[in-house]
Amino acid sequence: DSSSVASQLKSGVKKIYSADSAFAALKEDGSVITWGDKGNGGDSSSVASQLKSGVKKIYSTVWAFAALKEDGSVITWGKSDYGGGSSAGADHLKGGVKEIYSTDYAFAALKEDGSVITWGNDDRGGDSSSVASQLKSEVKEIYSNGRAFAAVKEDGSVITWGNDDRGGNSSSVAAHLKSGVKEIYSTDHAFAAMREDGSVITWGNGDRGGDSSSVAAHLKSGVKEIYSNGRAFAAVKEDGSVITWGDEDSGGDSSSVAGQLKR
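Conventions and cut-offs
- Residues numbered from 1 in each chain as written.
- Predicted model: local features only at pLDDT ≥ 70, side-chain atom pairs only at ≥ 80, totals over all residues.
- Heavy atoms only, no water.
- Pairing = 2+ DSSP bridges.
- Helix = DSSP H or I, 4+ residues; strand = E, 2+ residues; numbered from the N terminus.
- Axes fitted to C-alpha atoms, helices over the stretch in contact; angles between N-to-C directions.
- Phe/Tyr/Trp six-rings, centres within 6.5 Å; stacked < 30°, edge-to-face > 60°.
- Lys NZ or Arg CZ within 6 Å of the ring centre and 35° of its normal.
- Salt bridge = Lys/Arg side-chain N within 4 Å of Asp/Glu carboxyl O.
- Buried < 20%, exposed > 50% of the residue type's maximum accessible area, 1.4 Å probe, protein only.
- Patch = residues over 30% accessible without salt bridge, like charges linked within 9 Å, V, L, I, M, F, W, Y side chains within 5 Å.
- Areas by Shrake-Rupley, 256 points an atom, 1.4 Å probe, with all protein chains shown as cover.
- Lys, Arg positive; Asp, Glu negative; His and termini not counted.
- Polar contact = N/O pair within 3.5 Å; in protein donor to acceptor, adjacent residues only side chain to side chain.
- Contact = heavy atoms within 4.5 Å.

Draft legend 1. Molecular detail of the sheet that holds strand E15 (residues 200-204). Here we have three strands laid out as an open sheet, ordered E13-E14-E15, and antiparallel in their pairing. Only two strands of the sheet have a single neighbouring strand rather than two, namely strand E13 (181-186) and E15. If you compare each strand with its neighbour and ignore which way they point, the axes differ by 20 degrees on average.

Draft legend 2. Spatial organisation of the packing of aromatic side chains. Tallied over the entire structure, the rule returns eight aromatic pairs. Joined through ring pairs, the aromatic side chains of Trp63, Tyr82 and Tyr105 make up one cluster. When the ring centre of tyrosine 105 is taken as reference, the NZ or CZ atom of arginine 124 above it lies at 4.3 Å.

Draft legend 3. The arrangement of the pattern of salt bridges in detail. Under the definition given, this model contains three salt bridges. Glutamate 99 serves as the salt-bridge partner of lysine 57, at 3.6 Å between the closest nitrogen and oxygen. One end of the pair, lysine 57, is in strand E4 (residues 55-60); the other, glutamate 99, is in strand E7 (residues 97-102), and 42 residues separate them in sequence. Overall, lysine 57 belongs to the partly exposed group, its relative accessible area being 32%.

Draft legend 4. Representation of the pairing of strand E11 (residues 148-153) in the model. Most of E11 sits inside the fold, with six of its six residues counted as buried. Two strands pair when backbone bridges link them, and strand E10 (residues 139-144) and E11 are joined in this way by five bridges, in the antiparallel orientation. Note on E11: the bridge partner recorded for serine 144 is phenylalanine 149. Once E10 ends, the chain turns through three residues before running back antiparallel as E11. In this sheet, strand E12 (residues 158-162) lies alongside E11 in antiparallel orientation, the contact comprising five bridges.

Draft legend 5. Representation of a nonpolar patch on the surface in the model. A surface patch of nonpolar side chains, about 240 Å² in accessible area, is lined by Val13, Ile16 and Phe23. Here isoleucine 16 is to be found in strand E1 (residues 13-18).

Draft legend 6. Looking closely at the sheet that holds E7. Read from one edge of the open sheet, three strands run E7-E8-E9, paired in antiparallel fashion. One side of each edge strand has no neighbouring strand; the edge strands of this open sheet are E7 and strand E9 (116-120). Going from strand to strand, the sheet's axes swing by 20 degrees on average, the running direction of each strand aside.

Draft legend 7. Expanded view of the side chain of lysine 69. Residue position: lysine 69 is located in strand E5 (residues 64-69). Of the side chains with opposite charge, aspartate 71 comes closest to the buried, unpaired lysine 69, at an N-O distance of 5.6 Å. Only 3.1 Å separates the side chain of lysine 69 from the backbone oxygen of serine 53, close enough to count as a polar contact. Setting aside anything within four residues of it in sequence, one finds lysine 69 in contact with Gln50, Ser53, Gly54, Val55, Lys56 and Ile75.

So this is what it looks like as structure tokens:
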């Protein structure tokens, strides 16, 4: 029901973003109009004056929004423990932000200087204090799943934080993440890092993509692209074959069609 803001949605809307139970419309003039569950992102009245102009892009968690403005500042609203309140890193979000990433519960802002600022639910990506020294510079890209983040640095190393069981703790594969990583993929529960040499390293919830030991021999080289759903991964190799792992009922077990996925 958008009747309360209907007059503001009659024209000039450029893009619409969504949280779990609210919408945010970005207009051509850089203003933002919101509606939906008031406590979970639908009510932006507390920051209305800051959303009148200059907004470039909007991001969301399940129950909160974060707007990136043209001047590199960030405005947040919605449920505070889902990222709607950014007081912990407010001073760092006044400018210089170039991109924002999110789990279901937290945000991570990548700044122009390569540093990272996080906020939201502490246990699900909002608290990066344990790796703060490694996120001060040279971060190139950030990836996320439902409850954890993984940052790739300029030297190809990977830094992780968030829920340990969902990939926030990558200590079991740390030796393989020190360099050479070019991209990271995720299910809702795990990560898969593709290295420059075409090999794949996985971690997180073992039953939902974090454990690839059953197909490890096939992931040592030649992987071109990785795809995922909520609980399983599928890797396409240079020879056109496909390797799968993760939850069996969610696509992790492709044995029934193995003959058709060999090339």
